[in-house]
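Observations on the model geometry
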Amino acid sequence: MDQEKRIRFLPLLVTLIAAALTALINLILQVEFVVFFKRVFFSIIIFYVLGSIVQIVFRIALDKKDDVGILESEAEESEPSEENEEEEEESEEDE
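First, a word on scope: everything that follows refers to the structure included in this document. The model shown is predicted, which means the values in this text are computed figures rather than measured ones.

In this model helix α2 (residues 10–29) runs 29 Å from its N-terminal to its C-terminal C-alpha over 20 residues, within 8% of the 28 Å that 1.5 Å per residue would give. Of the residues trailing α2, Gln30 is marked for its positive phi of about 55°.

What follows is the structure in structure tokens.
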């Protein structure tokens, strides 16, 4: 579940970085406060939604990866290895 913790804050991190870059660019360009506020506000909304979508995609991918790992481990447990098969054959021949 360590990966789950990493993904948990992804939308917030993406939003924070995007808002900081937007604010920095607006400060450099010396735009009016109303324009500055609108740009930062909309960048926060847009990038939060994008970050949430990426988070959902990562969770689905991790769930599939976990499912595949579980299926592989179950298959390994249910399939006898070649050594076990040879030992079984030898024991049957001895009888």
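Still more to cover.
Below, the discussion takes up the side chain of Ser52. Within the secondary structure, Ser52 sits in helix α3 (residues 33–78). Within the structure, the side chain of Ser52 is placed 2.9 Å from the backbone oxygen of Tyr48, a separation counted as a polar contact.

On inspection of all chains with the given rule, the structure shows three aromatic pairs. Where Phe41 meets Phe42, the ring centres are 5.6 Å apart and the plane angle is 70°; that geometry is what we call edge-to-face. What makes Phe42 partly exposed here is its relative accessible area of 48%. Site record: aromatic cluster; members linked through ring pairs are Phe33, Phe37, Phe41 and Phe42.

Looking at the element boundaries, Ile7 is found in helix α1 (residues 2–8). Given the relative accessible area of 8%, Ile7 is considered buried. The spatial distance from the C-alpha of Ile7 to the C-alpha of Val54 is 9.1 Å, given a sequence separation of 47 residues. Apart from residues lying up to four places away in sequence, Ile7 is in contact with Gln55, Phe58, Arg59 and Leu62.

Conventions and cut-offs
- Counting from 1, residues in each chain are numbered in the order their sequence is written.
- Note on the predicted model: pLDDT of at least 70 is required for a residue's local features to be given, and 80 or more for side-chain atom pairs to be given and counted; whole-chain, interface and lining totals, by contrast, use all residues.
- In computing side-chain values, all of the structure's heavy atoms are included and hydrogens and water are not.
- Only DSSP runs of H or I with at least four residues qualify as helices, and only runs of E with at least two residues qualify as strands; both kinds are numbered from the N terminus onward.
- One fewer than the residue count of a helix, multiplied by 1.5 Å, yields its expected span.
- Polar contact is defined as a pair of N or O atoms within 3.5 Å, subject to the rule that within protein one atom must be able to donate a hydrogen and the other to accept it, and that residues adjacent in sequence are counted only when both atoms are side-chain atoms.
- Stacked, edge-to-face and tilted are the three classes for Phe, Tyr and Trp ring pairs, Trp counted by its six-membered ring, which pair at centre distances within 6.5 Å; planes under 30 degrees apart are stacked, over 60 edge-to-face, the rest tilted.
- Note on exposure labels: buried denotes an accessible area under 20% of the residue type's maximum, exposed denotes more than 50%, and partly exposed covers the range between, all computed with a 1.4 Å probe on protein chains only.
- A contact between two residues is defined here by any heavy atoms of the two lying within 4.5 Å.

The quantities given are spatial measurements derived from coordinates; they are silent on function.
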